[in-house]
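Breakdown of the fold
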Amino acid sequence: MNNKLLFLILFFALIFRLSAAFFSRQEVLFDAAGYDSRALSLAEGKGFTNEDKPTAFKEPFYSFFLAGVYYLFGHNYLAVRIIQAILGAFVCLLIYLISKRIFGSRVAVLSALIAAIYPAFIKCTEQITTEGFYAFLLLLSIYFIVKLINRATLRNSCILGLVLGIGTLTRSVLAPFVIVICLFLLF
């Protein structure tokens, strides 16, 4: 029963997020405009620049993500929002998987359901900002931390390191968390 219910929750999570993506009238302002500008510069082969001047002002990975989308689909905000909708549905799955390992199936299903319908998570789909992408990376790192605690393998350690590195290059606020996780896993 849990698998069917989980599939249904994830299906509706994706539908809600795709609806937000397709019907969004969200303008690209403030931080989003900066990510967009740097991504266009990268996609056009001009490097990591703002107004044709090299910059190291913001973390680079979300701009690289956008540049990859723009390279494949053109300067298309809908393509970005669709990919973010898919990542948003995976956020619900990761919340389920983490909750199931720690608290059991009933809490996991309820957690995934809440995440699926939580308006702020759905709204992240519309915005060309790091929040939704970062939430996915953060939860993916927590998932691998939980896996490492249960069964330490080189593969899980490498994946965790990769995800934490990408996460830190997406939002630098993750850097202290990386240090704490390393210390925690050592002891």
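Refer to the structure above for everything that follows.
Attention in this report is confined to the structure presented alongside it. Just so it is clear, the model here is predicted, and its values are computed rather than measured.

**Thoughts on the packing of helix α3 (residues 61-73) against helix α4 (residues 77-103)**
Taken N-terminus to C-terminus, the directions of α3 and α4 make an angle of 120°; their axes are 9 Å apart at the nearest point. When the axes of α3 and α4 are compared, the pair comes out oblique. Handedness of the crossing formed by α3 with α4: right-handed. Where α3 abuts α4, its residues Tyr62, Phe65, Leu66, Val69, Tyr70 and Phe73 lie against Tyr77, Ala79, Val80, Ile83 and Gln84. Tallied by class, residues from the contact of α3 with α4 come to 10 nonpolar, 1 polar and no charged.

**Details of helix α8 (residues 154-170)**
An α-helix turns once every 3.6 residues. As a result, residues three or four positions apart point the same way. The terminal C-alpha atoms of α8 lie 24 Å apart, and with 17 residues this matches the ideal 24 Å at 1.5 Å per residue to within 8%. Among the residues making up α8, those that are buried are Asn156, Leu160, Val163, Leu164, Gly167 and Thr170. Along α8, the residues classed as buried sweep out an arc of 115° about the axis, all on the same side. Exposed and oriented more than 90 degrees from the buried face of α8 are Leu154, Arg155 and Leu162. Its buried side turned inward, α8 meets α3, α7 (130-150) and α9 (175-186).

**What to know about the nonpolar core**
Residues Tyr62, Leu66, Val80, Ile128, Phe136 and Leu160 are the most contacted members of the largest nonpolar core, which totals 47 residues. Among the elements that take part in this core, α7 stands out by supplying 11 residues, more than any other. Residue contacts for Ile128: discarding those within four places in its chain leaves Val28, Ala32, Tyr35, Tyr62, Leu66, Tyr70, Tyr77, Val80 and Arg81.

**Topic: the environment of Leu162**
Within the secondary structure, Leu162 sits in helix α8. A residue is classified by how much of its surface remains accessible, and Leu162, at 56% relative accessible area, is exposed. Residues Leu162 and Ser141 lie 21 residues apart in sequence; the distance between their C-alpha atoms is 9.0 Å.

**Some details on unusual backbone geometry**
Even without glycine at this site, Phe30 takes up a positive phi of about 50°. Relative to the assigned elements, Phe30 resides in the loop between α1 (2-22) and α2 (31-43). Assessed through its relative accessible area of 76%, Phe30 is described here as exposed.

Conventions we followed
Residues numbered from 1 in each chain as written. Predicted model: local features only at pLDDT ≥ 70, side-chain atom pairs only at ≥ 80, totals over all residues. Heavy atoms only, no water. Axes fitted to C-alpha atoms, helices over the stretch in contact; angles between N-to-C directions. Helix = DSSP H or I, 4+ residues; strand = E, 2+ residues; numbered from the N terminus. Parallel < 35°, antiparallel > 145°, perpendicular 65-115°, else oblique. Left-handed = near helix turned anticlockwise from the far one by under 90°. Contact = heavy atoms within 4.5 Å. Nonpolar A, V, L, I, M, F, W, Y, C, P; charged D, E, K, R; others polar. Expected span 1.5 Å × (residues − 1). Buried < 20%, exposed > 50% of the residue type's maximum accessible area, 1.4 Å probe, protein only. Arc of directions from axis to C-beta. Core = buried A, V, L, I, M, F, W, Y, C linked by side-chain atoms within 4.5 Å.

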